[in-house]
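Residue-level listing of the chains:
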Amino acid sequence: MQIKRIEISNFRNFCFIEIGLGARINLILGQNGQGKTNLLESVYLLTTGTSFRYGDVESYINFTQPDPRLLIRGTLERQGLVSDVRYSLTNRTRTIEINGKKSTTTKLTELFSTVLFSPESLMSIKGPPEQRRELLDEMVISINQGSRTLFTQFRRALRSRNRILSAIAQGEMSRNLGVPVLESLNPTYFDLAVKITMSRLSLLRKIMPLAAEIFSSITRNATPLSLEYVASGNSFLKKELTDIYDAMHKRKIELFESELSAGTTIIGPQKHDIQFRYGGKDSRIYCSQGQQRAIILSLKIAQIRYHYELYKFFPILLLDDVMSELDPEVRKGLITFLNETDAQTLITTTDVNLHEELSGKGLVLYSMFNGKIDPGSAKI
Ligand SMILES: Nc1ncnc2c1ncn2[C@@H]1O[C@H](COP(=O)(O)OP(=O)(O)O)[C@@H](O)[C@H]1O
Ligand SMILES: [Mg+2]
């Protein structure tokens, strides 16, 4: 799929910009603070309805402008089907329209797909488990479009359960009244918890062998890469639906008193962790920063390949300033992948020489300065 043109009004440091994008690699060059990440963020917003940056929708609107309305509009094409997509924000209300009809983020995820490579995501091995779960869930939603609803339902069920647990712990609700309510919420909560866990596991099982292969090829290292999915100290990687259900059910009974006194849910996919193992050893401890980044990069490349295998189209790839973060051989591996893959790609960089490493065929160069971008020129 690809984004053919984008028009942005009053988003972050843009007043108004409009550009056409090339079908292959689009390289956006500019110094720090000029709006490169903002441009990628606008493509991400348009194709997923959400941002990859922290902060309220209020922060999207250009604060230097008197007009509080924000509009991002783009022409998207997927497998020959062209759609006009609009994302607008007026008085904190978000509206998504596809071909003039009101739509939703769920619909966007069903139709389009975007994969982001950010320096933060490449560092997620070192970070807290939450960051790895986020990375994985993003992948699950991108590969299995219907699962976005599952995540929304799960968050809602978790909130309801936590509300009751907290009310009991704070003494706002008696135990006698609260426990039956909690029990009535449990079937839905655990059903969704098991489904989320399973959707993560089935994706990991599919893409991990491919990721391991990519990792050894780009690092030129035969040490095997493997994965562990950990729940309450146990490996879940090989477990099936009923085993997971039984394990969670058992933990629910064991941790009954602990949950009541903690006032929050302590069992479920929001507590699980993913560990990458390098030669069987924990990569957090035994791998260099460069190797850790290469692991995440391999996982993302595996996700993109698998996406293509399933759907016969590539997601749009957004690479935000990641080249400078990579060791030379890993960077070379990524560049080879990008040059050989038919995906539309937007790369931001401060490196004036990066274009020399990218294949000239279909490469379009843009420069970004103070919220303005030139129309782009093909590399000769
Ligand atoms: N809501 C906003 N209104 C106006 N400017 C903004 C807003 N949000 C961010 N910015 C500005 O955007 C610039 C950063 O853009 P960014 O895309 O992150 O730069 P880079 O080119 O380094 O990726 C900063 O100058 C920041 O002040
Ligand atoms: Mg940036």
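Conventions and cut-offs
- Here, residues in each chain are numbered from 1, in the same order as that chain's written sequence.
- As a convention, the first chain written is A and the first ligand written is 1, with the rest following in written order.
- Two thresholds apply to this predicted model, a pLDDT of at least 70 for residue-level local features and 80 or more for giving and counting side-chain atom pairs, whereas whole-chain, interface and lining totals are computed over all residues.
- As a rule here, side-chain values cover all heavy atoms of the structure and leave hydrogens and water aside.
- A pair of strands counts as paired when DSSP detects no fewer than two bridges linking them.
- Helix and strand definitions here come from DSSP, where helices need a minimum of 4 consecutive H or I residues and strands a minimum of 2 consecutive E residues; each element is numbered from the N-terminal end.
- Angles here are taken between N-to-C directions and fall from 0 to 180 degrees, while the axes themselves are lines fitted to C-alpha atoms, restricted in helices to the stretch in contact.
- Contacts were defined at the residue level, with two residues in contact if any of their heavy atoms lie within 4.5 Å.
- Annotation comment: domain bounds sourced from an automatic or database domain assignment.
- Note: buried area is the sum, over both parts, of the accessible area (probe 1.4 Å) each one loses when the two are combined.
- A pairing counts as a salt bridge when a side-chain nitrogen of Lys or Arg comes within 4 Å of a carboxyl oxygen of Asp or Glu.
- Side-chain atoms alone can form a polar contact between residues adjacent in sequence; in general such a contact is a pair of N or O atoms within 3.5 Å, and within protein one must be able to donate a hydrogen while the other accepts it.
- Three categories are distinguished: nonpolar for Ala, Val, Leu, Ile, Met, Phe, Trp, Tyr, Cys and Pro, charged for Asp, Glu, Lys and Arg, and polar for the others, with Gly belonging to the last.

### As for the sheet that holds strand S1 (residues 2-9)
Reasoning step 1: Overall, antiparallel pairing links the six strands, which are arranged S2-S1-S4-S5-S6-S7 in an open sheet. Each edge of the open sheet carries a strand with a single partner, namely strand S2 (16-20) and strand S7 (101-103). Strand-to-strand, the axes of this sheet are offset by a mean angle of 20°, without reference to chain direction.
Reasoning step 2: Across the sheet, helix H1 (residues 36-48) touches S1, S2, strand S4 (70-78) and strand S5 (81-90), and the angle it forms with S1 is around 110°.

### Quick notes on the domain arrangement of the chain
By a frequent convention, interface size equals the accessible area lost on bringing the separate parts together.
Reasoning step 1: As assigned here, the chain comprises domain 1 (1-113 + 314-380) and domain 2 (125-312).
Reasoning step 2: With centres defined by C-alpha atoms, the gap from domain 1 to domain 2 works out at 29 Å.
Reasoning step 3: Opposite the 22 residues of domain 1 that make contact, domain 2 presents 21 residues.
Reasoning step 4: When the two sides are added together, the surface that domain 1 and domain 2 hide from each other amounts to roughly 1800 Å², 62% of it contributed by carbon and sulfur.
Reasoning step 5: Linking domain 1 with domain 2 are one salt bridge.
Reasoning step 6: Glu-325 serves as the salt-bridge partner of Arg-293, at 3.1 Å between the closest nitrogen and oxygen.
Reasoning step 7: Linking domain 1 with domain 2 are seven residue pairs in polar contact (both at pLDDT 80 or more), by the criterion used here.
Reasoning step 8: Considering every element that reaches the side of domain 1 that touches domain 2, the biggest residue donor is helix H11 (residues 328-340), with six residues.
Reasoning step 9: When the residues that make up the side of domain 1 that touches domain 2 are grouped by side-chain class, the tally is nine nonpolar, eight polar and five charged.

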